[in-house]
Amino acid sequence: MTLRVWEEPRDNCIADMVCVSLCGDVFEMSDVDGKANIIAKWRKDPDKINEGFVPDDMKDCVEAAVQSCPTQIIHMEPA
Ligand code: SF4
């Protein structure tokens, strides 16, 4: 099973790194604009930095990020 994880609208990221501290295997901070994005290895489209597909066993840490993101831009659904 796979989970789709995405950030929308990514522009609203305030770069506080909460998602990275809770789930650093999925999220990272961009060197380009300083906002969070999905780590490249999880993306289907390398250029779509705000969407990834991760294994089910990462659900707990992604869920923590979904619930803790202060701007509520992280989303998750079964893929
Ligand atoms: S927790 Fe939300 S606001 Fe904070 S860095 Fe991650 S995506 Fe951005």
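- In the nomenclature of an unreviewed UniProt entry, the protein chain is known as Ferredoxin of Caldisphaera lagunensis.

### Here's the deal with the sheet that holds strand 4 (residues 51-55)
- What the three strands build is an open sheet, ordered 4-1-5; its pairing is antiparallel. Each of the sheet's edge strands pairs with one partner strand only, and the pair in question is strand 4 and strand 5 (74-78). Neighbour-to-neighbour, the strand axes of the sheet open up by a mean angle of 25°, direction not taken into account.
- Relative to strand 5, strand 1 (residues 2-7) is paired through five bridges, and the arrangement is antiparallel. Within strand 5, the residue paired with Glu-7 across the bridge is Ile-74.
- Sheet strands in contact with helix 2 (residues 59-68) are strand 1, strand 4 and strand 5, and its direction is about 140° off that of strand 5.

Rules used throughout
- Residues numbered from 1 in each chain as written.
- Predicted model: local features only at pLDDT ≥ 70, side-chain atom pairs only at ≥ 80, totals over all residues.
- Heavy atoms only, no water.
- Pairing = 2+ DSSP bridges.
- Helix = DSSP H or I, 4+ residues; strand = E, 2+ residues; numbered from the N terminus.
- Axes fitted to C-alpha atoms, helices over the stretch in contact; angles between N-to-C directions.
- Contact = heavy atoms within 4.5 Å.

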